[in-house]
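What follows is the residue order along each chain.
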Amino acid sequence: MDLEFDDKMPIYLQIMDHIKMDIATEKLKANDKLPSVREMATMLKVNPNTLQRAYQELERLGIVYTQRGMGTFVGERKHMIDDLKQEMAKEVIDSFILRMKRLGFSEEEIIWSISKNITEVNKHV
Amino acid sequence: MFHLIKYELRGKLLTILGICLTVIIGNLFLMTKVDSWQIGAPVLSGFLGGGALVVICIASLTLMSDYLYDDQGYLLFTLPQSGVSIMASRLITAVIQISIVMTVSVSMFCLLDQGRLLNAILQQVEIHELLYFILMHLWTVVSTLTFMYFCMVVGRIALKGNKVGKIGSFIIFFLLSIARTGLSVAIANLFPQMVQIHSVTTMTMNVGSMIFDIVTFGILFMATSYLLEHKVDL
Amino acid sequence: MYNVLEAENLCKSYLNKRALQGATLTIQQGKILGLLGPNGSGKTTFLKIAAGILHPSSGKLLIDGQKPGVYTKSIVSYLPDTEYLFKWMKIKDAVQYFKDFYSDFDEKKAFALLEFMKLDANSSVKSLSKGMKEKLKLTLVLSRKAKLYILDEPLGGVDPTAREKILDAIINNFSENSSMIITTHLVNDIERIFDEVAFISDGEIVLQGNAEELRSNKNKSIDELYREVFQ
């Protein structure tokens, strides 16, 4: 796993986001085993306690579950993927709208610029 | 403590071997000249032995100074070892390496003069006197080194700068030596009781200064151990 | 959570300067603390006191509830910033030395780490480059099962590839039963392995806190914070 960190933000949040992303895009599927805390820590060159915290938070949110002595696994809750997608999309859109507003765009202008640009972005993807 | 001695001896291995080899080769050379140089050969052999002894004694001082002034101190003083075992290991190592050099020098000398001097000595004195003599020498080595180690450590603690500390140690050594000798003489005068070591010969010693020596050794040993454990700053 | 190390008002003065002026710091079990400050800020002085080779002028420092001494030396594994191994030693002699003196030394782990670091047990200490010496020292120090590891500038003077190996070794060999203090002025390379950071300036701890909280409260990386404090 390759992950570029932004050291300005808490590392455990970034790790959580990364795992959520992998689940949402189905790189990780229900009941897949996540690497152990130590494996991940070595891979990412991050303090094991930070990973521990990321896993714990994910577990608290019901996204992963642990089995004693076995490891941590991706949860199999219904609609989880959709929920995660919705949640992450909301984050992206919220921050986009916020930044557009800071630039002085009105709501109509924001919608207009999205519809104008979406075709162009489509060409690149 | 056994390990401390082991590693000190290992560290000084080259020095000890070097000195012993020099003495052996020097004596072998002298043996080829015994006929032409007559008395000169054993005299030179004696000097060689004396020189070797001086060198190994100086090397024994570095058993302490290396750790006080060099980075190796970080290795020794972070070990979970008490000051007493550090101090004792230094003294035992010194005694062992000095004994090795002494034994080699004396054996080579005896070989060179074909045991003549040894025979002469053995006819004059008895074995237990010889033993006492050897023990006295070891005692001198141990008490002198303790005294010098003490001065080094005090110098290191009192004067932190590298060179100043070494000179300081020497000054402390000089002053304390005078004080110690003065005290020893004064005690010998106050308590003139003597013991005779041997019934026939006149080997005697003063009881007062003997006790004084033993007590000062004990105090200096404990003080140095304490300072090593609690006061030396690297 | 119990504190492996507690320092309170720790002072150390020399004839002409004061290296520590009332440093107060605690480290909990299972945490990695970064002690950050420029040269001459008192980092090394603090670590040397904890390692038991320097004695404070006033204040107190306790490790596992004890003053530095024979006991604390048996549970503290200290990586000094000096070349302290004997010149006559081969690498395997150095391993044997640690095995002889520290009952918590794990020889198997040491040889595994040597292999990981690509060090040959038969080469002599004298012949090693600066980076290799640093790797060897770290191998010895991490092969102990200590309660507290004290690493003074483990990345100092080491090239980036060696740096990565050293970081890996630290992360791999850290256990939750032990704690670690690491000093550095190369904050950027290593900030992600700290639980806690403490900034030290002129012999005083000017800021101590949880690394993640500092990031989210100040919206800055630890490296940026460091630059801000010591610009």
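Parameters at a glance
Residues numbered from 1 in each chain as written. Chains lettered and ligands numbered in written order. Predicted model: local features only at pLDDT ≥ 70, side-chain atom pairs only at ≥ 80, totals over all residues. Heavy atoms only, no water. Helix = DSSP H or I, 4+ residues; strand = E, 2+ residues; numbered from the N terminus. Buried < 20%, exposed > 50% of the residue type's maximum accessible area, 1.4 Å probe, protein only. Contact = heavy atoms within 4.5 Å. Areas by Shrake-Rupley, 256 points an atom, 1.4 Å probe, with all protein chains shown as cover. Lys, Arg positive; Asp, Glu negative; His and termini not counted. Charge placed at Lys NZ, Arg CZ, Asp CG, Glu CD. Domains from an automatic or database assignment. Buried area = accessible area lost by both parts, 1.4 Å probe. Core = buried A, V, L, I, M, F, W, Y, C linked by side-chain atoms within 4.5 Å. Salt bridge = Lys/Arg side-chain N within 4 Å of Asp/Glu carboxyl O. Polar contact = N/O pair within 3.5 Å; in protein donor to acceptor, adjacent residues only side chain to side chain. Phe/Tyr/Trp six-rings, centres within 6.5 Å; stacked < 30°, edge-to-face > 60°. Lys NZ or Arg CZ within 6 Å of the ring centre and 35° of its normal. Axes fitted to C-alpha atoms, helices over the stretch in contact; angles between N-to-C directions. Parallel < 35°, antiparallel > 145°, perpendicular 65-115°, else oblique. Left-handed = near helix turned anticlockwise from the far one by under 90°. Nonpolar A, V, L, I, M, F, W, Y, C, P; charged D, E, K, R; others polar. Pairing = 2+ DSSP bridges.

Peer 1: Could you clarify how one ought to interpret the overall build of chain B in this entry?
Peer 2: When helices and strands are tallied, chain B shows 10 helices and two strands. N-terminal to C-terminal, the α/β element order of chain B is α-α-α-α-α-α-α-α-α-β-β-α. For the C-alpha atoms alone, the extent of chain B along its principal axes is close to 60 × 45 × 30 Å. Taken across its 234 residues, chain B has 41% of its residues classed as buried. Counted over contacts in chain B with a minimum sequence separation of 6, partners at least 24 positions apart contribute 76%. For chain B, the accessible area works out to roughly 12,500 Å², and carbon and sulfur atoms hold 75% of it. Charged side chains in chain B number 12 positive and 11 negative. The centres of these two groups are separated by 9 Å.

Peer 1: Just checking my understanding: could you explain the domain arrangement of chain B for this structure?
Peer 2: One widely used convention gives an interface's size as the accessible area the parts lose upon coming together. Residues and elements named next belong to chain B. Taken domain by domain, chain B holds domain 1 (1-124) and domain 2 (145-234). Placing a centre on the C-alpha atoms of domain 1 and another on those of domain 2 gives a separation of 23 Å. Across the contact, 20 residues belong to domain 1 and 20 residues belong to domain 2. In total, about 1,800 Å² of surface goes out of reach between domain 1 and domain 2, with carbon and sulfur atoms giving 80% of it. For domain 1, the biggest contributors to the area lost against domain 2 are Leu68, Tyr69 and Met87; these three give 39% of the whole.

Peer 1: Where do I start with the nonpolar core in this structure?
Peer 2: One broad rule of soluble globular proteins: the nonpolar side chains tend to lie buried together. With 142 residues, the main nonpolar core has Tyr149(B), Leu35(C), Phe46(C) and Ile181(C) as its most contacted residues. Take this core: its biggest share by element is eight residues, from helix α8 (residues 127-158) of chain B. With sequence-adjacent residues up to four places away left out, Leu35(C) is seen in contact with Leu25(C), Lys43(C), Phe46(C), Leu47(C), Ile181(C), Ile182(C), Thr183(C), Thr184(C), Ala198(C), Ile200(C) and Ile205(C). If you look at the next biggest cluster of nonpolar residues, it comprises 11 residues, including Ile16(B), Cys20(B), Ile98(B) and Met108(B).

Peer 1: What is the right way to look at the interface of chain B and chain C in this model?
Peer 2: With 24 residues of chain B at the contact, the number on the chain C side is 27 residues. For the chain B and chain C pair, buried surface summed over both sides reaches about 2,600 Å², with 62% attributable to carbon and sulfur atoms. Together, Tyr7(B), Tyr74(B) and Leu75(B) form the three largest contributors to the area buried by chain B at its contact with chain C, with a combined 27%. Taken together, the links from chain B to chain C amount to two salt bridges. A salt bridge links Lys12(C) to Asp233(B); the nearest nitrogen and oxygen atoms lie 2.5 Å apart. The interface formed by chain B and chain C includes 12 residue pairs in polar contact (both at pLDDT 80 or more).

Peer 1: What am I meant to see in the interface of chain A and chain C here?
Peer 2: Contacts between chain A and chain C engage 18 residues on the former and 25 residues on the latter. With both chains or domains summed, chain A and chain C bury close to 1,800 Å², and 47% of this area falls on carbon and sulfur atoms. For the chain A face of the interface with chain C, the top three residues by lost area are Asp7(A), Lys8(A) and Lys45(A), together amounting to 38%. At the surface where chain A touches chain C, the tally comes to three salt bridges. For Arg192(C), the salt bridge goes to Asp7(A), with nearest N and O atoms at 3.2 Å. Here chain A and chain C share 14 residue pairs in polar contact (both at pLDDT 80 or more) between them.

Peer 1: Mind showing me how you'd approach the arrangement of the chains here?
Peer 2: The top pair by number of contacts, from a total of two pairs of chains in contact, is chains B and C. Nothing in chain A touches chain B, and the closest approach of their C-alpha atoms is 27 Å.

Peer 1: How should the packing of aromatic side chains be read in this particular structure?
Peer 2: For any pair of aromatic rings, the description consists of the separation of the ring centres together with the inter-plane angle of the planes. Within the structure shown, the criterion is met by 18 aromatic pairs over all chains. Here the aromatic rings of Phe199(C) and Phe230(C) are separated by 6.1 Å at their centres, their planes lie at 55°, and the arrangement is tilted. Pair noted here: Phe199(C) is in strand β8 (residues 196-201) and Phe230(C) is in helix α9 (residues 222-230), with a separation of 31 residues, a long-range link. Overall, the relative accessible area of 18% leaves Phe230(C) in the buried class. Each member of the aromatic cluster is reached from another via a ring pair, and the members are Tyr7(B), Tyr67(B), Phe86(C), Trp88(C), Tyr97(C), Phe98(C), Phe101(C), Tyr102(C) and Phe105(C). For Arg156(B), the ring lying beneath its charged end belongs to Tyr69(B), and the centroid distance is 5.5 Å. Its end group placed over the ring of Phe147(B), Arg180(B) keeps NZ or CZ at 4.6 Å from the ring centre.

Peer 1: Just checking my understanding: could you explain the packing of helix α2 (residues 37-44) of chain A against helix α3 (residues 48-60) of chain A for this structure?
Peer 2: Pairs of packed helices are described in terms of their axes, by the angle between the two and the distance that separates them. Residues and elements named next belong to chain A. Taken N-terminus to C-terminus, the directions of α2 and α3 make an angle of 120°; their axes are 9 Å apart at the nearest point. When the interaxial angle is binned, α2 and α3 end up oblique. Regarding α2 and α3, the two cross each other, and that crossing is right-handed. Along the contact surface, α2 presents Val37, Met40 and Ala41, while α3 presents Pro48, Leu51, Gln52 and Tyr55. Of the residues in the contact of α2 with α3, the class split is six nonpolar, one polar and no charged.

Peer 1: Would you explain the environment of Phe47(B) in this entry?
Peer 2: Secondary-structure assignment places Phe47(B) in helix α4 (residues 40-69). Remark: the alpha-carbon pair of Phe47(B) and Arg180(B), spanning 133 residues in sequence, is separated by 30 Å.

Peer 1: Teacher, can you tell me more about the packing of helix α2 (residues 13-32) of chain B against α4(B) here?
Peer 2: Residue and element names in this part refer to chain B. At a closest axis distance of 10 Å, the pairing of α2 and α4 adopts a crossing angle of 175°. The angle between α2 and α4 falls in the class roughly antiparallel. Facing Thr15, Ile16, Ile19, Thr22, Val23, Gly26, Asn27 and Leu30 of α2, the residues of α4 in contact are Ala41, Leu44, Ser45, Leu48, Ala52, Val55, Ile56 and Ala59.

Peer 1: What is the right way to read the environment of Val197(C) from this model?
Peer 2: Residue and element names in this part refer to chain C. Position of valine 197 relative to the elements: it lies in strand β8. Judged by its relative accessible area of 0%, valine 197 falls in the buried class. It is 15 Å that separates the C-alpha atoms of valine 197 and serine 41, two residues lying 156 residues apart in sequence. In this view, valine 197 contacts Gly34, Leu36, Leu207, Gln208, Gly209, Leu214 and Ile222; residues no more than four positions away in its chain are not counted.

Peer 1: Can you walk me through the sheet that holds strand β3 (residues 32-36) of chain C in this structure?
Peer 2: Across a sheet, strands are paired by hydrogen bonds formed along the backbone, either parallel or antiparallel in direction. Residues and elements named next belong to chain C. Taken in spatial order, the six strands of this open sheet run β5-β6-β7-β3-β8-β9, and their pairing is mixed. A strand with exactly one partner marks an edge of an open sheet, and here the two such strands are β5 (76-79) and β9 (204-210). Taking the axes of each pair of neighbouring strands and ignoring which way they run, one obtains an average angle of 15° across the sheet. Bridge analysis of β5 against strand β6 (residues 148-152) gives four bridges, and the strand direction is parallel. If you follow tyrosine 78 over to β6, its bridge partner there is isoleucine 150. Of the strands in this sheet, β5, β6 and β7 (179-184) touch helix α5 (residues 130-142), which is tilted by about 175° from β5. Set on the sheet, helix α8 (residues 211-218) makes contact with β8 and β9; between it and β9 the angle comes to about 90°.

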